[in-house]
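Architecture and fold: a report
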Amino acid sequence: MTSPASADGLPDYAPIPPSARGVTPNEQGYYVGRVERNLYWVTDGVYQAAFLATPDGVVLFDTPPSIGHNLQRAIDEITAAEGVTNRVTHMVYSHHHDDHTGASSIFGSDVVRIGHEETRRLLLRDNNPARPVPDVTFADSYTLEVGGERVELSWRGPNHSPDNIYIHFPDHDTLMFIDVVNAGWVPIYNVNLSEDVPGYMAAPDIVLSFPWTHFICGHLGRLATRDDVLVHQQYIADIEASAREALASVNPVPYYVAGGENFWAGVKGHLDAVTERTAAPVIAKYTGVLAAADIAEFTYTTAFQIMQSLRLDRGPSGPVHP
Ligand SMILES: [Zn+2]
């Protein structure tokens, strides 16, 4: 898994495909744009948040620390132009992860925070004052109505995290769902650092079951489209198919013979060979299609997780001894 090095010693990766390019942040490091009507998205180029600017207050969706105080600057910019209040009255947590919620406390305690009941449990566990626990929680679904606008929150099972929710804006033709699909880019390590692999693999079908045109996926510098979800789904489906083929065709016996009494050496030899065989054709197919597909570790580690999920979640993990 070594990458070719250029003259300056840095890895020489494939250029970012034009389809993966995003907006350019301003001098303060943020970009704010209208999604539809009074729904806006904010990005620093890598992380994304969103807000609804209503006459009764601003509803903020996620608070990535990398955007941090630029969230209020973006809100101030838009609400001044639209002639509505810049006061954040409500905040929705997509999931408990700090990289999407770590700037929550800068909006103070006089904000109604809404999240899944598992988000509350996990934030209590993690006990970080930067992320106050949600005051309003729900188990399956919750309708948030502020300033004449409606947002439908729903939980459909664990995926990237146990508490990751679907945030649907039915009157803005938009869905927000974080950390599963990266618009135009491959998932990073280990199925985008996800905990539930079958849940992660099933989530894009749920995403596509909602009506929407605009998709706020949480990362990188542009909104996603339904085509982005389909390309992501195909990338994952290709890894799954390749893993099935590799599991069936790589003979483990020579690796265990070579490992001798060191059984774990045999495991490593066998699973490295399966992972290599799984990932190689996928990396070749998606280089130039999804940004960073040529950074082999990303597809290797995702392929490894999916290959293990095929064995351990779905089975069979191996033949039954006669
Ligand atoms: Zn996350």
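So, here is what we can say about the structure in this document. In this text, all values refer to a predicted model and were calculated from it rather than measured experimentally.

The rules we used
Residues numbered from 1 in each chain as written. Predicted model: local features only at pLDDT ≥ 70, side-chain atom pairs only at ≥ 80, totals over all residues. Heavy atoms only, no water. Helix = DSSP H or I, 4+ residues; strand = E, 2+ residues; numbered from the N terminus. Buried < 20%, exposed > 50% of the residue type's maximum accessible area, 1.4 Å probe, protein only. Contact = heavy atoms within 4.5 Å. Expected span 1.5 Å × (residues − 1). Polar contact = N/O pair within 3.5 Å; in protein donor to acceptor, adjacent residues only side chain to side chain. Salt bridge = Lys/Arg side-chain N within 4 Å of Asp/Glu carboxyl O. Donors = N, O, S within 2.8 Å, 3.2 Å for Na, K, Ca; no water. Tetrahedral: all angles 85-135°; square planar, octahedral: opposite > 155°, others 65-115°. Pairing = 2+ DSSP bridges. Axes fitted to C-alpha atoms, helices over the stretch in contact; angles between N-to-C directions. Left-handed = near helix turned anticlockwise from the far one by under 90°. Nonpolar A, V, L, I, M, F, W, Y, C, P; charged D, E, K, R; others polar. 1 Å grid on protein atoms, 1.4 Å probe; cavity = no way out; pocket = protein on both sides within 12 Å on 5 of 7 lines; lining within 4 Å. Points joined across faces, edges and corners; volume = space filled by probe spheres on them.

Further remarks concern the side chain of Thr 302. Of note, Thr 302 is situated in helix H9 (residues 296–314). The class of Thr 302 is buried, set by a relative accessible area of 0%. Each residue touching Thr 302, except ones within four places of it in the same chain, is listed here: Ile 188, Tyr 189, Asn 190, Val 191, Asn 192, Ile 236 and Ile 239.

Turning our eyes to something else, we now look at helix H6 (residues 226–249). With 24 residues, H6 should cover 34 Å at 1.5 Å per step; its first-to-last C-alpha distance of 34 Å lies within 8% of that length. Among the residues of H6, Asp 228, Val 229, His 232, Gln 233, Tyr 235, Ile 236, Asp 238, Ile 239, Glu 240, Ser 242, Ala 243 and Ala 246 are the ones counted as buried. At its buried positions, H6 is contacted by helix H5 (197–209), strand E12 (214–216), helix H8 (263–286) and H9. Its side-chain oxygen 3.3 Å from the backbone nitrogen of Asp 227, Thr 225 forms the N-cap of H6.

This part takes up the pattern of salt bridges. When their charged atoms lie close together, side chains carrying opposite charge are able to pair. Counted according to the given criterion, the structure contains 13 salt bridges. Across the pair Arg 131 and Asp 98 runs a salt bridge, and its minimum N-O distance is 3.1 Å. Of this pair, Arg 131 sits in the loop between helix H3 (117–126) and strand E7 (136–138) while Asp 98 sits in helix H2 (residues 98–101), and the two are 33 residues apart along the sequence. Arg 131 sits in the buried class, given a relative accessible area of 8%. Put simply, Asp 228 and Arg 222 hold a salt bridge, and the shortest N to O gap is 2.7 Å. For Asp 228, a relative accessible area of 13% translates into the label buried. In this structure, a network of salt bridges that share partners links the residues Arg 150, Glu 152 and Asp 171.

Turning to the coordination of the zinc ion, a few remarks are in order. The coordination sphere of the zinc ion contains the protein donors His 95 (NE2), His 97 (ND1), His 160 (NE2) and Asp 179 (OD), at a distance range of 2.1 to 2.2 Å. Seen from the zinc ion, its four donor atoms lie at angles of 90 to 173°, and the figure they make is irregular.

Glancing now at the sheet that holds E12. The sheet built from five strands is open, its strands ordered E8-E9-E10-E11-E12 with mixed pairing. The open sheet is flanked by strand E8 (141–146) and E12, the only strands paired with a single partner. Direction aside, neighbouring strands of the sheet carry axes that sit 20° apart on average.

Quick look at the packing of H6 against H8 now. One can describe the packing of H6 onto H8 by two numbers: an axis separation of 8 Å at closest approach and a directional angle of 145°. For the crossing formed where H6 meets H8, the hand is right-handed. For the pair H6 and H8, the contacting residues are Val 231, Gln 234, Tyr 235, Asp 238, Ile 239, Ser 242, Ala 243, Glu 245, Ala 246, Leu 247 and Ser 249 in the first and Val 274, Arg 277, Thr 278, Pro 281, Val 282, Lys 285 and Tyr 286 in the second. Its residues placed into classes, the contact of H6 with H8 shows 10 nonpolar, four polar and four charged.

This paragraph deals with empty space enclosed by the protein. For the structure on display, the rule yields one cavity of 30 Å³ or more. Forming the walls of the largest cavity are Ala 14, Pro 15, Pro 17, Thr 287, Gly 288, Leu 290, Ala 291, Ala 292, Ala 293 and Asp 294.

A water-sized probe rolled over the atoms picks out the places where empty space is left. Of the volumes computed, that of the largest pocket is approximately 310 Å³. Taken together, Arg 244, Leu 247, His 270, Leu 310, Arg 311, Arg 314, Gly 315, Pro 316, Ser 317, Gly 318 and Pro 319 form the lining of the largest pocket. For the lining of the largest pocket, the elements supplying multiple residues, two or more each, are H6 and H9. The element best represented in the lining of the largest pocket is H9, accounting for three residues. Residues that form the lining of the largest pocket fall into these classes: four nonpolar, four polar and three charged. In this structure, the second largest pocket spans a volume of roughly 260 Å³.

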